[in-house]
Amino acid sequence: MYKYKNLLLFLGFAVILLLLIFFPISFDNNDDHSMYFISSGFLSGKLLPNILLTNVIVGKFLNGLFSFHFMINWYTMYLQLALMASILTICFVFTDYNKLSFKEALLIILIVLMGFAALCIVKLQFTTVSLFCAFAALFCFQSDFRSLKKLSLVFFLIMISILIRRESFYVFILFSIPVLATKFSEKKMLSRYLSVIALSLIFFIATNYINNHDASYKQYNSYAYLNALDIVAAKPIKYDASMLQKNNFTEDDVRILQSWFAGDKAYTSGNDILTLTSAMRSHRSFHEFLFELKKFVMDERYVLLMYVLTIFILLLWAKKSKPAVFLNLVIALLLFTYLCEFSRLPHRATFPILTYLILLNIYMFAGNQENIRIRNSVFYGLLVISILKFYCVSRLFNINKHNHEIFDQCQREINDHPNDLFIGIYDGLPLQYMNAWKTKDDGFPHSNILLTGWPAYCPPYNELLQQHQLSDLTVGLQHKKNVLFLTDSKIFLDSYVRVMKQRYQLNCHFEKVEDGFKELHPKALIFD
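Here we summarise the structure given alongside this text. If you're wondering where the values come from, they're calculated on a predicted model, not measured in any experiment.

Below, the discussion takes up the side chain of S39. For S39, the location among the structural elements is in helix α2 (residues 30–40). The class of S39 is buried, set by a relative accessible area of 0%. There is a polar contact of 2.9 Å between the side chain of S39 and the backbone oxygen of M35. Among all residues touching S39, those that are not within four sequence positions of it are L47, L48, I51, L62, N63, F66 and Y75.

Moving on to the sheet that holds strand β7 (residues 522–527). On the basis of which strands lie adjacent, the open sheet formed by 5 strands has the order β4-β3-β5-β7-β6 and mixed pairing. In the strand order of this sheet, the two ends are held by β4 (449–451) and β6 (508–512), each with one partner. Taken pair by pair, the neighbouring strands of this sheet meet at an average axis angle of 30°, ignoring direction. Bridge analysis of strand β3 (residues 421–424) against strand β5 (residues 483–486) gives 4 bridges, and the strand direction is parallel. Among the inter-strand pairings, I423 is bridged to a residue of β5, identified as F485.

We now examine the packing of helix α11 (residues 222–234) against helix α15 (residues 272–280). At a minimum axis distance of 9 Å, the contact between α11 and α15 shows a crossing angle of 40°. Judged by the inter-axis angle, α11 sits oblique to α15. Relative to α15, α11 is oriented so that their crossing is left-handed. Listed contacts from α15 to A224, Y225, A228, I231 and V232 of α11 are I273, L274, T277 and M280. In terms of residue class, the contact of α11 with α15 is made up of 8 nonpolar, 1 polar and no charged.

What counts and what doesn't
- Residues numbered from 1 in each chain as written.
- Predicted model: local features only at pLDDT ≥ 70, side-chain atom pairs only at ≥ 80, totals over all residues.
- Heavy atoms only, no water.
- Helix = DSSP H or I, 4+ residues; strand = E, 2+ residues; numbered from the N terminus.
- Buried < 20%, exposed > 50% of the residue type's maximum accessible area, 1.4 Å probe, protein only.
- Polar contact = N/O pair within 3.5 Å; in protein donor to acceptor, adjacent residues only side chain to side chain.
- Contact = heavy atoms within 4.5 Å.
- Pairing = 2+ DSSP bridges.
- Axes fitted to C-alpha atoms, helices over the stretch in contact; angles between N-to-C directions.
- Parallel < 35°, antiparallel > 145°, perpendicular 65-115°, else oblique.
- Left-handed = near helix turned anticlockwise from the far one by under 90°.
- Nonpolar A, V, L, I, M, F, W, Y, C, P; charged D, E, K, R; others polar.

Here you go:
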């Protein structure tokens, strides 16, 4: 088996490389676009490391790479390399498992690549990458990694995970509990695992300190206001008229914030919004909880099916694994219940968590089932389901390619109107349609577009405001001509008009602009 290990790893590397070369790659949501824009200077022309959702150390590293060669999209490359490292580490654990034959290891690697990795590669998302790195490290813990080199690999993956998204460390610690429980009797191995976790904790604290004491973040109080926006826009909230009035806000302000618009000074400074959002925190009602749960089941029906199947397989043919399976299941249920009740269950988090649990079940089944015929039958069955999943992923080829063409058309329409200032609301510019490999030289040369979500708490936002002689995107626009809002949300537009009247005693309205636009549907801001 061991002499074929490198061949299997090369197979995994080749499949990933082919996907990266030939498949149109897109980001899964708008966060990655914003971080790429900030670190590369794609919008403003100025490279800055303050990308908020990822550690400032990564931001400075990317700035150096973009300064060295701006014709390469280093942001996408570093995420894909981190994802590749995590996937190949998982494959390595299976190929290094002496209980598996060459054929069995090959079947499992194909399951990993086609059933799970392919989707993450072609629909890239930084949280997913971070969690895959954390779970690859946990997966190494499951095997008896006794050498210093292998333990160093675990620590390296945890470091990358923390730097990409620090919250992944909490998930890592949570799912470390079953691993430590199963290894509790092995004192020597347990001490090594605890040593790696302790070093990871020190690294987590140190990088958090560096990040939180960054001068720009402290100047703009970025994290406090970002957290406030996230509470209003993405989490369950509860408020009444007296609460709003006490903090100098209205229901229209709330509706604007729920559209991820942070373009007014009231939303990016002062204590009112911090006090208000802290008091607005709530939980979902029973019916809202069920709705969120139903959405989760529909979004993750493939991995949920695979998870249920692998649990059934373990209970049927590998009963020795019941304690570990039960403990992981309880932790996952508690985590998902908490997120569903107080936050949200995004695909970027649930998919890697369930993927880890599925692969862990497969690993435990392989180690506890001695009947080769049963093992092969199970692996072939799971492979068939994975092939069906890969077929579904392959359909994204034409979808992503078409979406890239739509975004390119939107970009051309903005660049063809250099004298207009475009304000991009969350639903107006289809950033999710952008080619994830788009380079800085193919950006917005006139710097005539402003994004109004969480990037409004970053220094690049203020740089762009200054370029256009603006103080904000509400009252500051009253003497500005040719301002076009990119949104189809009537709720946002009506709320914006009322806020301008209530807060600043300014009368304005929006008019549709159709001349010169095919994909975009801008609304011109007109002051009466």
